[in-house]
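# Close look at the chain arrangement
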Amino acid sequence: MFKRAWRWAVLVAGETVLLVTAVVVSSYIYLGPLAWDALTASSGMLRATLIVFVCQVSLHYSDLYDLGGIADTRDLVTRLLRAIGATSLILGFAYLIFPSWIIERGVFLLSAALAILLVVAWRRAFEVLARRVAPRERLLLVGTGPGAVTLARELFQRRLELGVDIVGFVDPDPARIGTPVINPGVIGTIDDIPALVSRYDVDRVVVSLSDQRGKLPMERLLDVRMRTGVLFDHLASVYEEYTGKIAVENLRPSWLVFSTGFRKTRMLMAAKRAFDVMTALVGLVVSAPLMLAIAAIMKTSSRDPVLYHQERVGLNGRVFTVHKFRTMRQDAEAGTGPVWSRPDDSRVTPLGGLMRKARLDELPQLWNVLRGDMSLVGPRPERPSFVEQLTTSIPFYGQRHVIKPGLTGWAQVRYTYGASVEDAIEKLQYDLYYIKNVSLLFDFVIALETIKTVVLRRGAR
């Protein structure tokens, strides 16, 4: 998750400097010689800091720090305009509450225009620096199976963000040399690995063969390792490192057994539980008026019960009852039995659709968190019938129950809502990554991303 975090830090730090510069220059242009005295005063510093902080938050919520998600300059400018617009609205509300914080209108408008120009120029410069100057890791993929192709595809989509170059693929069959895989293609056989490492200045060899024993020239590879210092690693480890999930395809129990992580100390679990209780208590108190209002609206629009109670599978496979606001008709599964929710599901009521988009239907689950059935952060709890089906069809699916399910989680913020076995596999990969790397800092990051997901209405179902 934190791979190449320095790139993100440099990007954010650079834009912070540019935003401050935009405010200072605009103040000087608009106010003249009085600008410096205005800015150095405590109230002036507060006003400038507020503008920069709100703008940074708006940039984040406009996905401007998701480097792999920005298509082109037009997309960048569109997101910048959206962020500046959000900044204007937020500052407008702040100025209504604290009129003394108001900055001159001309200064703000000029700062906004200058900020857009500076950020666009900085992004283009950062892209050039990231590609040509910043250190990059060159990978050689051994194997051309689905796992290697999936890794290569994800890395190609995020190469600027991660700083990765794939020099090519290695295949045991000499006849496949020159065959395109993604781009580039197969550039050699297993016996060619030592020469390829030298020729392409490889930093890491990623082995993705399903069974390496007896297929790799270990003596020659050991010699290459000792002479050049090039790293040899399993695909599963590299996939986890760069994508924030653990690939379950062709994953062996031995990798899970011998890999680092999966440490749930008593102190960590106690701290996590304390955080859950505190958050649930505050959340229930703060949201109580909202939940009462929702309940009143639901009762006036329908005779169905306000809440629905459903069995879910929790820690160590224990079944518990989850509580949520009802978003479907009471007879939604009368003729079908348990089925996954679908996009534009006809069983969802109009009010239920609105609650799902805003995640308001999840609020009663704070009671489950307070009771200890759930945690604030963890894998999504599933129904027993689905768990039974998925456990038999997906390797390692049962391992997601070694930790409490969560109101939100790594899979929920990284993957859109899905309702199929394929979606369950994708989410399991994120769940396993979370279980392997669980920490309070990770929970805090997920909580922040959850707020962003709710605000942007991603994965609404």
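These numbers were taken from a predicted model, which means no experiment stands behind them. (Residues numbered from 1 in each chain as written. Predicted model: local features only at pLDDT ≥ 70, side-chain atom pairs only at ≥ 80, totals over all residues. Heavy atoms only, no water.)

## What to know about the overall build of the protein chain
The helix and strand inventory of the protein chain stands at 18 helices and nine strands. Taking contacts inside the protein chain between residues at least 6 apart in sequence as the whole, the part at least 24 apart equals 73%. (Helix = DSSP H or I, 4+ residues; strand = E, 2+ residues; numbered from the N terminus. Contact = heavy atoms within 4.5 Å.)

## Quick word on the pattern of salt bridges
Counted under the stated rule, the structure contains 17 salt bridges. With a closest N to O distance of 3.3 Å, R176 and D171 form a salt bridge. Between R227 and D223 there is a salt bridge whose closest N-O contact spans 2.8 Å. Taken together, the residues span about one helical turn, with R227 and D223 both in helix α9 (residues 218-228) at a distance of four residues. Under the relative-accessibility criterion, R227 is labelled exposed at 57%. (Salt bridge = Lys/Arg side-chain N within 4 Å of Asp/Glu carboxyl O. Buried < 20%, exposed > 50% of the residue type's maximum accessible area, 1.4 Å probe, protein only.)

## Quick word on the side chain of Q429
Note that Q429 resides in helix α17 (residues 421-436). You can call Q429 buried: its relative accessible area is 6%. Only 3.3 Å separates the side chain of Q429 from the backbone nitrogen of V248, close enough to count as a polar contact. Discounting residues that sit within four places of it in the chain, Q429 has contacts with Y239, K245, I246, A247 and V248. (Polar contact = N/O pair within 3.5 Å; in protein donor to acceptor, adjacent residues only side chain to side chain.)

## Quick notes on the nonpolar core
Generally speaking, nonpolar side chains in soluble globular proteins are found buried as a group. Counting residues in each nonpolar core, the largest one holds 32 residues, and the members touching the most others are I51, L59, L80 and L91. Residue assignment for this core shows that the elements contributing at least two residues are α1 (5-31), α3 (42-61), α4 (73-97) and α5 (105-132). In this structure L91 touches L50, I51, V54 and F108, once residues within four positions along its chain are discounted. Counting 29 residues, the second largest nonpolar core, distinct from the first, contains L251, Y397, W410 and L432. (Core = buried A, V, L, I, M, F, W, Y, C linked by side-chain atoms within 4.5 Å.)

## Here we look at helix α10 (residues 235-243)
Counted residue by residue, α10 has eight buried out of nine residues, so it is predominantly covered. Residues of α10 that are buried include every one of L235, A236, S237, V238, Y239, E240, Y242 and T243, and no others. Just downstream of α10 lies G244, where phi reads positive at about 75°.

## Re helix α15 (residues 384-393)
Residues separated by three or four positions in an α-helix point in the same direction, a consequence of the helix having 3.6 residues per turn. Those residues of α15 not exposed but buried are F386, V387 and L390. Within α15, the buried residues cover an arc of 100° as seen down the axis, which keeps them to one side. In α15, those exposed residues whose orientation departs by more than 90 degrees from the buried face are E388 and T392. Turning to α15, the residues buried within the fold contact β6 (307-313) and α17. (Arc of directions from axis to C-beta.)

## Examining the packing of aromatic side chains
Counting across every chain of the model gives five aromatic pairs. Ring centres of Y434 and F442 lie 5.5 Å apart, and the angle between their planes is 50°; this geometry places the pair in the tilted category. Put simply, the rings of W410, Y433, Y434 and F442 pair up and form one aromatic cluster. (Phe/Tyr/Trp six-rings, centres within 6.5 Å; stacked < 30°, edge-to-face > 60°.)

## Section: the sheet that holds strand β5 (residues 231-234)
Ordered by their spatial adjacency, five strands build an open sheet running β3-β2-β1-β4-β5, and the pairing between neighbours is parallel. Where the open sheet ends on each side, the last strands, each with one partner, are β3 (186-188) and β5. Here the strands of the sheet are splayed against their neighbours by 35° on average, with no regard to which way each runs. In terms of strand pairing, strand β1 (residues 137-142) meets strand β2 (residues 164-170) through six bridges, oriented parallel. Bridging from a neighbouring strand, R138 pairs with D165 of β2. (Pairing = 2+ DSSP bridges. Axes fitted to C-alpha atoms, helices over the stretch in contact; angles between N-to-C directions.)

## Quick word on a nonpolar patch on the surface
Taken together, the side chains of L441, F444, L448, I451, V455 and L456 present a nonpolar region at the surface, about 540 Å² in accessible area. With respect to the element layout, I451 can be found in helix α18 (residues 440-456). (Patch = residues over 30% accessible without salt bridge, like charges linked within 9 Å, V, L, I, M, F, W, Y side chains within 5 Å. Areas by Shrake-Rupley, 256 points an atom, 1.4 Å probe, with all protein chains shown as cover.)

## Considerations on the environment of T408
Residue position: T408 is located in strand β9 (residues 406-408). With a relative accessible area of 8%, T408 lands in the buried category. The residues contacting T408, other than those within four sequence positions of it, are L376, V377, G378, V413, I446 and T450. Side-chain polar atoms of T408 contact the side chain of T450, separated by 2.7 Å.

## Examining unusual backbone geometry
In this model, D201 sits at a positive phi of 55°, which is unusual for a non-glycine residue. By the secondary structure assignment, D201 is in the loop between α8 (193-199) and β4 (204-207). Positioned with a positive phi, R359 is a non-glycine residue whose angle comes to about 65°.

## Quick look at the pairing of β4
Residues of β4 alternate between two faces, with R204 and V206 on one and V205 and V207 on the opposite face, all of them buried. Pairing of β1 with β4, which is carried by four bridges, proceeds in the parallel orientation. Bridge pairing in β4 places L139 opposite R204. Looking at chain direction, β4 and β5 are connected through four bridges and run parallel. Each residue of the ladder has a partner; that of V207, found in β5, is H234.

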